[in-house]
Amino acid sequence: MINRRTLGRTLGVGTAAATLAGWFNSSAASAASAVPSGTEASTAGRVTGRTSFESLKQVKAGELDVGYAEVGPAKGPVVVLLHGWPYDIHSYVDVAPLLAAEGYRVIVPYLRGYGTTTFRSAKTFRNGQQAVVALDIIALMDALRIEKALLGGFDWGARTADIIAALWPRRCKALVSVTGYLITNRERNKQPLPPAAELAWWYQYYFATERGESGLAQYGHDFAKLIWRNVSPTWHFDDATFDRTAKAFENPDYVSIVIHNYRWRLGLAEGDPRHDGIEARLAAGPAVSVPTITLDGELDPFTPAGDGSAYRAKFTGPYDHRALDGIGHNVPQEAPEAFARAVLDADRL
């Protein structure tokens, strides 16, 4: 049996691809035979051991100078993987080599306000609304001359991938979306939820206040760690794993982007009027027609019905849903094999 920790440390995509691909396929097959259809075992695919991407790249794309990791063959089919808050590209540090070993070119960008992604002009509005984050990824694909890619994401990343798949399906070959359909309707967001559901979103209301903005600026490191523990209760990450990601929050625009994102969602901050047309289309809840696999972590406090029925009607193309037992919010880092398998399978739907 291959020692996963050792493999994670020594893996070079070019030299170990065949070994990893064979191991990945046999591991996934074993997991699939042990669990009912539509469910992933909580222990399946917990590859760990990689500590970082080998190198980062930068490219000017739209309003941004985007920092991103790239793994895999330059001419392989492209997968773009998108992180959320409070996370960064390292949510995919174990997913990316699994896909690269299968021949995919994997692009993992820092979203605006994170890591090495910076604004090209000091005068640009530090805007975190949903449309502009999706436009960032379209601009990145254009800059890298990527016409079409598989898109995968969770949290902000799932919302961004959903938007691109819904509004620009010609740019999206297939979709993997954690927690399903996350496109925001701000009018609907004005309606109260049951108290237990509101409790899970407590930080949004905190961020609506000046005290919350100051708290994020002063205690950003501790704040993010608290969120990680609360939304992924069985993920026993170590300090080194957290600190590696927390460096991404040192971006000078991090606080501004996070605060604007959550205030915009609640209708407490205005977006850029240039994107009003896109936001109107998104508020109508456009369907996603591209092949899609949705994933729900059983222990994710933001997860709707475990069978995906809460958002099933929004996906009109080839579709599959998978519930991940014992997994929380950060699905790609908690269950990298299950996430990577979903990407491979979505490409074949």
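Scroll up for the structure.
In this text the structure is predicted, and so the values were computed from the model without any measurement. (Residues numbered from 1 in each chain as written. Predicted model: local features only at pLDDT ≥ 70, side-chain atom pairs only at ≥ 80, totals over all residues. Heavy atoms only, no water.)

Description of the pattern of salt bridges
If you walk through the whole model with that rule in mind, you get 17 salt bridges. Linking Glu-187 and Lys-190 is a salt bridge whose minimum nitrogen-to-oxygen distance equals 3.0 Å. By the burial criterion, Glu-187 is exposed, and Lys-190 matches it. Residue Asp-272 is joined to Arg-274 by a salt bridge in which the shortest nitrogen-to-oxygen separation is 2.7 Å. The exposure class assigned to Arg-274 is exposed, which follows from its relative accessible area of 59%. (Salt bridge = Lys/Arg side-chain N within 4 Å of Asp/Glu carboxyl O. Buried < 20%, exposed > 50% of the residue type's maximum accessible area, 1.4 Å probe, protein only.)

Points about helix H4 (residues 130-143)
The terminal C-alpha atoms of H4, which comprises 14 residues, lie 20 Å apart, in line with the 20 Å expected from a rise of 1.5 Å per residue. Of all 14 residues that make up H4, eleven are buried, and the element is covered over most of its length. With its phi angle positive at about 60 degrees, Arg-145 sits one or two positions after the end of H4. (Helix = DSSP H or I, 4+ residues; strand = E, 2+ residues; numbered from the N terminus. Expected span 1.5 Å × (residues − 1).)

Quick look at the nonpolar core
Side chains that are nonpolar tend, in soluble globular proteins, to be buried together. With 102 residues, the main nonpolar core has Trp-85, Leu-99 and Phe-339 as its most contacted residues. With nine residues, H4 is the single largest residue contributor to this core. If sequence neighbours within four positions are ignored, Trp-85 has contacts with Tyr-114, Asp-155, Trp-156, Tyr-203, Phe-207, Phe-223, Ile-227, Tyr-254, Val-258 and Tyr-262. (Core = buried A, V, L, I, M, F, W, Y, C linked by side-chain atoms within 4.5 Å. Contact = heavy atoms within 4.5 Å.)

What to know about the packing of helix H9 (residues 210-231) against helix H11 (residues 254-265)
What describes two packed helices is the angle between their axes and the distance between those same axes. It is at 10 Å that the axes of H9 and H11 come closest, and there the two elements cross at 145 degrees. Once H9 is placed against H11, the crossing between them reads as right-handed. Where H9 approaches H11, its residues Glu-210, Glu-213, Leu-216 and Ala-217 are matched on the opposing element by Tyr-254, Val-255, Val-258, Ile-259 and Arg-263. When the residues that make up the contact of H9 with H11 are grouped by side-chain class, the tally is six nonpolar, no polar and three charged. (Axes fitted to C-alpha atoms, helices over the stretch in contact; angles between N-to-C directions. Left-handed = near helix turned anticlockwise from the far one by under 90°. Nonpolar A, V, L, I, M, F, W, Y, C, P; charged D, E, K, R; others polar.)

Some words on the packing of aromatic side chains
All chains considered together, the criterion is met by 31 aromatic pairs. With centroids separated by 5.5 Å and ring planes inclined at 35 degrees, the aromatic side chains of Trp-202 and Phe-223 adopt a geometry described as tilted. One end of the pair, Trp-202, is in helix H8 (residues 202-207); the other, Phe-223, is in helix H9, with 21 residues separating them in the sequence. Under the relative-accessibility criterion, Trp-202 is labelled partly exposed at 32%. Classification of Phe-223 by relative accessible area gives buried; the value is 9%. Centre to centre, the rings of Tyr-206 and Phe-223 are 5.8 Å apart; their planes meet at 10 degrees, and the pair counts as stacked. Of the two residues, Tyr-206 sits in helix H8 while Phe-223 sits in helix H9, which places them 17 residues apart along the sequence. (Phe/Tyr/Trp six-rings, centres within 6.5 Å; stacked < 30°, edge-to-face > 60°.)

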